[in-house]
Amino acid sequence: FSGHAYNTTVARFSPSGFYCASADITGTVKIWDTVGEDQSVKGEYKVLSGKWHCLQSDSCSWRWRREAFGHAFLADSAASTGQISGHSKASHLEWVINAVSIRFQRPSRATTASDDNSIVFHQGVPFKYDKAIRTHTKFVQDVQFGPSGDHFASVCSDSKIFLYDRKTGETVAELSDGPHKGTAMSCSWSPDSKSFFTTSLDRTVRLWDIEARKSLQTWTVGSGVPNQQVGGVWSGISDLASLSMSGDLNIFDPRTGDKPARIPQVCTITAASSVSSSTFFAGSADGRVLIYDTDSTSPSDVVQLVGGSLHTSLVSDMATASSEKVFTTGCDDQIREIEGSTYTFVVFHSMSLFYHIG
């Protein structure tokens, strides 16, 4: 979908999956058809000005920005369906409401999570403030109702995970079995509401059992800042998708426990070099180099990211030596050597090299 004139910041499917709502930095929301090839726009609204951070769809959608309020409105008319209130922080500090979740069953409930270290529980419809929940001590990054509507969960920069009752908002449990060691960024429920998984800046993805209040499985994704896990969504019956800081998607199957299949998100390809009839390297405008193996039968091995210290800017050229080592040059004024699937510690500064040759 390319209907926005400005950079988009969030997109969410409706419960039916037939529509998607997306928003941009100007505050414009567009609701569009995901089934038809023309992706026709059902509605376009500008309820409030400013950058959107999250959307949630039921019979209404929610919107909020950096000021101390949000907005609930009908998808087909933009008519108000309640008032968002209850979050607070010192006026001289910039803050955001990071997440919202709506209980689809009746009676309706909704929760919002904010940088003011709190979760606000709303009754509805129309939505109105019920209580502030202060189980966390740092920025609350995400809050999500399970599909059954029986519970909702929250994750936070304090690394803690809590489970709450859907009727009252009372705390049911803290999930502390094998906690994250860094900021927990997101949570997403299984279709049967028996489990959910969380992602964290400690580069791990954890699967939790709700009844046992235990961690069922933990995956560690790579190393370094590019592999910090900043988001996740449970797709279908068994696919868990997490988002790395680098922009890569990682697909997990809890039934097998195998390492994730990675789907690298690549900028414009700027250079390429073949190593064999079935393997080639490709460099991109963001400084990364990927290895493509056309003979591989494993989805996780078809495309791999070259590890080690990457170029800091565009990869301008590549060449393969007789030893099958690959050399790359970049606009960061460096020549680097790749052996296997990892950069070696040998780093050439191209200007010095050219000077010596000359």
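Refer to the structure above for everything that follows.
Considering the pattern of salt bridges
Reasoning step 1: Summed over the entire model, instances satisfying the criterion amount to 5 salt bridges.
Reasoning step 2: Residues Lys30 and Glu44 are paired through a salt bridge, measuring 3.6 Å at the closest nitrogen-oxygen approach. Placement of Lys30 in strand S3 (residues 29-33) and of Glu44 in strand S4 (residues 41-45) is noted, with a sequence separation of 14 residues between them.
Reasoning step 3: Note that Asp248 and Arg288 form a salt bridge whose closest N and O atoms lie 3.1 Å from each other. Here Asp248 is found in the loop between strand S21 (239-244) and strand S22 (249-252), whereas its partner Arg288 is found in the loop between strand S25 (279-284) and strand S26 (289-293), with 40 residues between them in sequence. Across the pair, Arg288 and Asp248 agree in class, each one buried.
Reasoning step 4: Sharing partners across several salt bridges, the network here consists of Asp248, Asp286 and Arg288.

Brief notes about the nonpolar core
Nonpolar side chains in soluble globular proteins tend to be buried together.
Reasoning step 1: Residues Ala99, Ala113, Ile119, Phe121, Ile133, Val140, Val143, Phe145, Phe152, Cys156, Phe162 and Tyr164 constitute the largest nonpolar core, which totals 12 residues.
Reasoning step 2: Going through the elements one at a time, strand S10 (119-123), strand S12 (140-145), strand S13 (151-156) and strand S14 (161-165) are the ones with two or more residues in this core.
Reasoning step 3: The contact partners of Ile119, leaving out residues within four places of it in the chain, are His87, Thr111, Thr112, Lys131, Ala132, Ile133, His136, Val140, Val143, Ser154 and Tyr164.

Structural notes on the pairing of strand S20 (residues 229-235)
Reasoning step 1: Bridge count for S20 against S21 is 6 bridges, and the pairing is antiparallel. Residue Gln229 lies in a different strand from S21, and its bridge partner there is Ser244.
Reasoning step 2: Between the antiparallel neighbours S20 and S21 lie 3 residues, among them Gly236 with a positive phi of about 70 degrees.

Some thoughts on the sheet that holds strand S18 (residues 204-209)
Reasoning step 1: Spatial ordering of the open sheet is given by S16-S17-S18-S19, a layout of 4 strands whose pairing is antiparallel. Across the chains shown, the open sheet's two edge strands, defined by having one partner strand only, are strand S16 (184-189) and strand S19 (214-220). Across the sheet, the mean angle from the axis of one strand to that of its neighbour is 20 degrees, orientation sign disregarded.
Reasoning step 2: Sheet analysis places S16 next to strand S17 (residues 195-200), joined by 5 bridges and oriented antiparallel. Note that in S17 the partner of Ser188 across the bridge is Phe197.

Thresholds applied
Residues numbered from 1 in each chain as written. Predicted model: local features only at pLDDT ≥ 70, side-chain atom pairs only at ≥ 80, totals over all residues. Heavy atoms only, no water. Salt bridge = Lys/Arg side-chain N within 4 Å of Asp/Glu carboxyl O. Helix = DSSP H or I, 4+ residues; strand = E, 2+ residues; numbered from the N terminus. Buried < 20%, exposed > 50% of the residue type's maximum accessible area, 1.4 Å probe, protein only. Core = buried A, V, L, I, M, F, W, Y, C linked by side-chain atoms within 4.5 Å. Contact = heavy atoms within 4.5 Å. Pairing = 2+ DSSP bridges. Axes fitted to C-alpha atoms, helices over the stretch in contact; angles between N-to-C directions.

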